Every structure is written in C-alpha cells, then in structure tokens.
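Next come the chains, spelled out residue by residue.
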Amino acid sequence: MALPFFYSASFDPQRAELMLDEDNSRHIVQVLRMQRGDQLQLTDGRGNLLTTTILDDHKKKCRVQILTVTQQPPRERNVSIALSLLKNASRFEWFLEKATEIGVTEIIPLLCERTERQHFRQDRLQNILVSAMLQSQQAWLPVMRSPTPLAELMENPGQDQLFIAHCLEEQRVSLADFAPEARGSQLILIGPEGDFSPKEIELAMQCRFLPVTLGATRLRTETAGIVAATILCIG
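Residues numbered from 1 in each chain as written. Predicted model: local features only at pLDDT ≥ 70, side-chain atom pairs only at ≥ 80, totals over all residues. Heavy atoms only, no water.

Things to note about the packing of aromatic side chains
Applying the stated criterion across every chain yields a total of 1 aromatic pair. Look at F92 and F95: their rings are 6.2 Å apart centre to centre, the planes differ by 50°, and that puts the pair in the tilted class. Remark: F95 and F92 occur in helix α2 (residues 89–102); sequence separation between them is 3 residues, near one turn of the helix. Exposure remark for F92: the relative accessible area of 3% places this residue in the buried category. You can call F95 buried: its relative accessible area is 0%. (Phe/Tyr/Trp six-rings, centres within 6.5 Å; stacked < 30°, edge-to-face > 60°. Helix = DSSP H or I, 4+ residues; strand = E, 2+ residues; numbered from the N terminus. Buried < 20%, exposed > 50% of the residue type's maximum accessible area, 1.4 Å probe, protein only.)

Here you go:
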C-alpha cells in the first residue's frame, strides 16, 4: 500500500531530520493516527521525494527521520499558462487544480482590460496547488506568480514559443498542430470573459505571440486554459 504523502517546503538536504509544520503534524498524528516508527513520504515540490519515519509523534511538531531522498525528473515539457482572473473565483480555483494535475509548470494570473476581478487570495490558491500536486502523486509544484498586467508580461515573457488564444475572426492556427513539435518552453495567454480586446491582440502579435485557436467551439476561460494545458503538456 502506498505511504501517506505530504508536502514540506522546509527540506534541507544537509539535515537527516525534519520538523513538520502544525497542519501536517495534526493530520498525521490526530487524523491518520500515525505513531512513532510509522513511515510516510514527503516532497518539497522541487522534485525531491523523501521516505521518512516518525521519530516524535507530537501533534503540533511531528519530527521525522529522512531515510531516502530521490530526485524526480522535471516535466518533459515546460508549459506556462497565463490566464485572466475570473469574476467567479471558484472557476479560477478549479483551473488551478486541474492544471496542476495535468502538469503545468507555471501559472500566471493575468490582468487584462476586461478582467473583472482583481482580488487574489495567495495563501488559499497556493494550498489548492499543493493539494492537487499531492492528490496526483507528483513531486513538482507549479510556480504561481502574483497577478501580472498583460502589457508587463508581454514585455519580457522569457519562453521559447509564445501563443495567444483569442476568439476574433482573424487568421489563427490550431494549437494542436504545434504540440507534436513543441520544443523548449511555451507560454500561452488565455483572456477573460469577453476575450482580449483588439488592442491587446494586436500588441501581443507585435511581441511575437502567435494567434491560435483551441477548437471549433467557444470555450469558457477556465475550460480554454485546461484545453491548452492538455494540448501542450500531453500532446
């Protein structure tokens, strides 16, 4: 049977022991009823997978001994998705969960001309990423940036291949046509309800973003993000 799996950002490769935070300690000791000598797995979200045994089953400061450390290889494809914040926060949270399960490397909450929601609960959204990583048994946690204005992101995107998905009736290519030949890193922009403005699309194209379509139907913002993630991460 698989060992219980937890996240701890405080892993130090120079230390043989690790003190877990209160939330993890309480879940391990009070919820799972684990005791001294029981084994569990940890990841730091940076590819390290630790097998540990409990030394002190304190409900607030559980201490474990590190038995083995293995480095999981990074994802084959380095995919960043910049998706507009949504008026309905639960839809953006759903996107974060599913994008993590699929294997997106980086998520950029985007601020566009038509973005209706500016409020951003960093701690809550980070917890959603961690939960999705653990649920899908991964050792790499997606990087989530702070909300970023579209114009600022386009100034220095940093990825090898740049895409913008929009709904205007202009010449676009299918993103799926590029997936088999994806190399290096990719960034795709997904707009808000109401799409990007024509000015934003024009600016993106001036900044080397290739206009793409995700299919024949018009998709909700969060659905478009998942379709793009699936195409670029899985192919």
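Picking up where we left off.
Considerations on the layout of surface pockets
The calculated volume of the largest pocket comes to roughly 430 Å³. Lining the largest pocket are 22 residues, and of these H166, C167, D195, R218 and L219 lie nearest its centre. When contributions to the lining of the largest pocket are tallied by element, the ones reaching two or more residues are β13 (210–213) and α6 (221–233). Space inside the second largest pocket adds up to approximately 270 Å³. (1 Å grid on protein atoms, 1.4 Å probe; cavity = no way out; pocket = protein on both sides within 12 Å on 5 of 7 lines; lining within 4 Å. Points joined across faces, edges and corners; volume = space filled by probe spheres on them.)

A word on the pattern of salt bridges
Evaluated as defined, the whole model comprises 12 salt bridges. Across the pair E222 and R91 runs a salt bridge, and its minimum N-O distance is 2.9 Å. Linking E222 in helix α6 with R91 in helix α2, this pair joins segments that are 131 residues apart in sequence. Taken as a pair, E222 and R91 share a single burial class, namely buried. Salt bridges sharing common partners tie together E22, D23 and R26. (Salt bridge = Lys/Arg side-chain N within 4 Å of Asp/Glu carboxyl O.)

Some words on the pairing of strand β10 (residues 161–165)
With respect to burial, β10 is a largely interior element, 4 of its 5 residues being buried. Strand direction decides the pairing type here: β10 and strand β12 (residues 185–190), joined by 5 bridges, are parallel. Bridge pairing in β12 links Q161 to Q186. Where β10 and β13 come together, 3 bridges link them in parallel fashion. If you follow A165 over to β13, its bridge partner there is V212. (Pairing = 2+ DSSP bridges.)

Considerations on helix α3 (residues 122–135)
The first and last C-alpha atoms of α3 sit 20 Å apart over 14 residues, in line with the 20 Å expected at 1.5 Å per residue. Buried within α3 are the following residues: L125, I128, L129, V130, A132, M133 and L134. Contact partners of the buried residues in α3: β1 (5–7), β3 (39–43), α2, β7 (106–111) and β8 (143–144). (Expected span 1.5 Å × (residues − 1). Contact = heavy atoms within 4.5 Å.)

A short note on the side chain of D44
In this fold, D44 is placed in the loop between β3 and β4 (48–56). On the basis of relative accessible area, D44 is assigned to the buried category, the value being 2%. Within the structure, the side chain of D44 is placed 2.9 Å from the backbone nitrogen of R46, a separation counted as a polar contact. Side-chain polar atoms of D44 contact the side chain of N48, separated by 2.8 Å. (Polar contact = N/O pair within 3.5 Å; in protein donor to acceptor, adjacent residues only side chain to side chain.)

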